[in-house]
Amino acid sequence: MKYRLYTLYRLLSSILLTRGIFLLFLVQQKKLTILQATTCQSLYFILITFFEIPTGYIGDRFGKSRSLMFGCILTFLQYVGLLLSPPKIIGYIYVCVFFEALGNSFFSGTESAFLYELLEKDSNEKEYLDLNSKIMFLSSIVISLSIFIGGYVSEVSWNYVYIPTIIIRFILIIVVLKLSRYEIRNNDINKRENLNTSFYLLKNSITYTPIYIYILIITSICLLDGFFQTYFNFNQIILNSFFVNNRWISLFFSIMYFTGSFAYLLGNVMHKKIGSKKSILFCIFILSIFYFLMSFNIDIKFFIVLSVGVCFIPEIIYILTDIFIQKNIKSDFRATILSIVSLITSFFASAYYLVLGNIFNNFNHFIMEKIFSICFLVIFILGVLFMKKYKGI
C-alpha cells in the first residue's frame, strides 16, 4: 500500500502542464524579454542554492513528509501567484520565483530519500534502482502527456494551463497527508541541538572512503546535471528562434519526456550489463558527437532528432549517478546530503542560465553547440584518465 501511495504521489506531482512552455509563458503572457525570462530562471537557481541545505535539514530533523507538505503548499501559492500576476510587472514574477525556489527545495532530495528509507525499513534497499527507475519511467510518461496537453491548451488560453495545475497541487497536499503515516521517525536526530555535533554526524553519514574522492565525484555530477537542466529548458528559446509555435514546442518536450522515460529502464540494463562507470563515459562521448553535429546549419528535422538525443542521454547518466550517491550515505542525514547535492547543482545551473542567455543574445546557438561538443570531449578524456587512476571507484 505504501509503495502504491508513494507512486501515486510521484505520478500526480509529474502532471506538469507548464513544463516546456514556462519561459514562453513569461515572454508571451507576461510580456517579459528573453533576457528577463532567463534572468528569472537564473534567480530561481540562485535562490534554491540558499534554500537547499536548510530545507534538507528540516526534512531530516522534523520529517520528510512535512518537508513534502511545505513544498506542495508553496508551489500551490506559486502557481496561483503566476496566474494572477499582471503583465510586465517583473516584481510579481520575482515573488513567485521565490515561492517556487523555496517550495522545490523542500522536494529535492526528500522525495528520493523518502523512497530509499521506505525500502530500507523493509530491508529492500537493493531494490531502489529497479523500483526508482520504474517510477521515473511512469513519471516521465505522465510528464510527456501533460506537456503535450499544456502546449495545446496554452494556444487557447493560459488559464487552461494554470487552473488545472493549481487543483492538482491541492490534491497533492491531501496525498502527502496520507503518505505521512508511513514515515520513519528518527528520534535521535531530533535530540541533536549542537551544530558542531550535527556537522560531525553529517560528515560521518558519508560511508564512501576516501571522502574527498566522493566529494570530487559529486561535484562533477552536479556540474553536469546543472548543465543538463539548463540546456533542457533552453530548448524553448532555441526552437522559438526557428519560429516554431507553442503546440509544436510542447510536442517536442512531450516526445523528449516520453523517450526519456525509457532512459531510466535502459540505465538499469546498462548498469547490470557493462557497469555504471563505462555507461556514463560512453554517454558523455556520444553527447560530444551529437553537439558537434548540431553545431552545423543542418535541417530543422535532423536538429530536433539530435536535440531529443542530447536530452535523452543525460537521463541515463542521472539514474546511474543517483544510485552511487544513495548507496554511499546513511539515512540519518540523507535528505540533508541530497539537498547539498541539489544546492551545488543549482549553483551551476544559475550560472549556466546567465551564460547561455548572453551567448544566445549576442551570437547564436550554433556557437553554443560547438563549445558544448569540445567541453564534453574534454570531460570524457578526463573521466577516462580519472577512472584509470582510481580503479576502485
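One can find the structure itself at the top, above this paragraph.
Once a new chain begins, its residue numbering starts again from 1 and follows that chain's sequence as written. Per-residue local features of the predicted model are confined to residues with pLDDT of at least 70, and side-chain atom pairs are confined, for both listing and counting, to 80 or more; whole-chain, interface and lining totals are unaffected and use all residues. Hydrogens and water are ignored here; the side-chain numbers use all heavy atoms of the structure.

Student: Just checking my understanding: could you explain the overall build of the protein for this structure?
Tutor: Counting its regular elements, the protein contains 16 helices and 0 strands. Since a compact globule built from 393 residues should have a radius of gyration of about 21 Å, the 20 Å found for the protein is in line with a globular shape. Projected onto the principal axes, the alpha-carbon positions of the protein cover approximately 55 × 50 × 35 Å. Only protein chains enter the calculation, and the probe is 1.4 Å; a residue is then buried if its accessible area is under 20% of its type maximum, exposed if over 50%, and partly exposed in between. Taking all 393 residues of the protein together, the buried fraction comes to 54%. Carbon and sulfur atoms make up 69% of the accessible area of the protein, which amounts to about 17,900 Å² in all. Counting from the N terminus, the helices are the DSSP runs of H or I reaching at least four residues and the strands are the DSSP runs of E reaching at least two. In this description the radius of gyration comes from C-alpha coordinates, and the expected globular size is given by 2.2 Å times residues to the power 0.38. Note on areas: Shrake-Rupley, 1.4 Å probe, and residue coverage restricted to the protein chains presented here.

Student: Sorry, what's going on with the nonpolar core here?
Tutor: In a soluble, globular protein the nonpolar side chains are often hidden away together inside. Counting residues in each nonpolar core, the largest one holds 117 residues, and the members touching the most others are Tyr9, Tyr291 and Phe376. Here the element with the most residues in this core is helix H11 (residues 211-241); it accounts for 15 residues. Any two residues whose heavy atoms approach within 4.5 Å are treated as being in contact. With near-sequence residues (within four places) excluded, Tyr291 lies in contact with Phe227, Tyr231, Val310, Glu369, Phe372, Ser373 and Phe376. As used in this record, nonpolar core signifies buried Ala, Val, Leu, Ile, Met, Phe, Trp, Tyr and Cys residues forming a set joined through side-chain atoms within 4.5 Å.

Student: Even after reading the chapter, I still don't get H11, so can you show me in this structure?
Tutor: Residues spaced three or four apart along an α-helix point in a common direction, a consequence of the helix completing one turn every 3.6 residues. In a regular helix each residue adds 1.5 Å, so 31 residues correspond to 45 Å; H11 covers 45 Å between its end C-alpha atoms and thus fits that length. At Phe234, H11 is bent by approximately 35°, the largest bend along its length. Every helix has an expected span of 1.5 Å times one less than the residues it contains. The bend at a residue is defined as the angle formed between two axes, one fitted to the seven residues ending at that residue and one fitted to the seven starting there.

Student: Which parts of the structure should I look at to understand the packing of helix H1 (residues 2-13) against helix H8 (residues 159-179)?
Tutor: If you want to describe how two helices pack, look at the angle between their axes and the distance between the axes. Axis geometry follows a simple rule: fit a line to the C-alpha atoms, using only the stretch in contact for helices, then measure angles between N-to-C directions, giving values from 0 to 180 degrees. Where H1 meets H8, the axes come as close as 10 Å, and the angle between the chain directions of the two elements is 160°. Accordingly, the angle class assigned to the pair H1 and H8 is roughly antiparallel. Viewed along their axes, H1 and H8 form a crossing whose handedness is left-handed. Contacts between H1 and H8 pair Lys2, Leu5, Tyr6, Leu8, Tyr9, Leu12 and Ser13 from the former with Ile168, Arg169, Ile171, Leu172, Val175, Val176, Lys178 and Leu179 from the latter. All residues other than Ala, Val, Leu, Ile, Met, Phe, Trp, Tyr, Cys, Pro, Asp, Glu, Lys and Arg, Gly among them, are scored as polar; the first ten of these are nonpolar and the last four charged. Residues that form the contact of H1 with H8 fall into these classes: 11 nonpolar, 1 polar and 3 charged. Each angle gets one of four labels, with under 35 degrees taken as roughly parallel, over 145 as roughly antiparallel, 65 to 115 as roughly perpendicular, and the rest as oblique. Crossing chirality is assigned from the near helix's rotation relative to the far helix, an anticlockwise turn below a right angle marking it left-handed and a clockwise turn marking it right-handed.

Student: Teacher, can you tell me more about the packing of helix H13 (residues 276-294) against helix H16 (residues 365-389) here?
Tutor: Between H13 and H16, the shortest axis-to-axis distance is 7 Å and the interhelical angle comes to 155°. Relative to H16, H13 is oriented roughly antiparallel. Every pair of crossing elements has a handedness; the one defined by H13 and H16 is left-handed. The segment H13 lies against H16, with Lys277, Leu281, Ile284, Phe285, Leu287, Ser288, Tyr291, Phe292 and Met294 engaging Phe366, Glu369, Phe372, Ser373, Phe376, Leu377, Ile379, Phe380, Gly383, Val384 and Met387. Partitioned by chemical class, the residues of the contact of H13 with H16 number 15 nonpolar, 3 polar and 2 charged.

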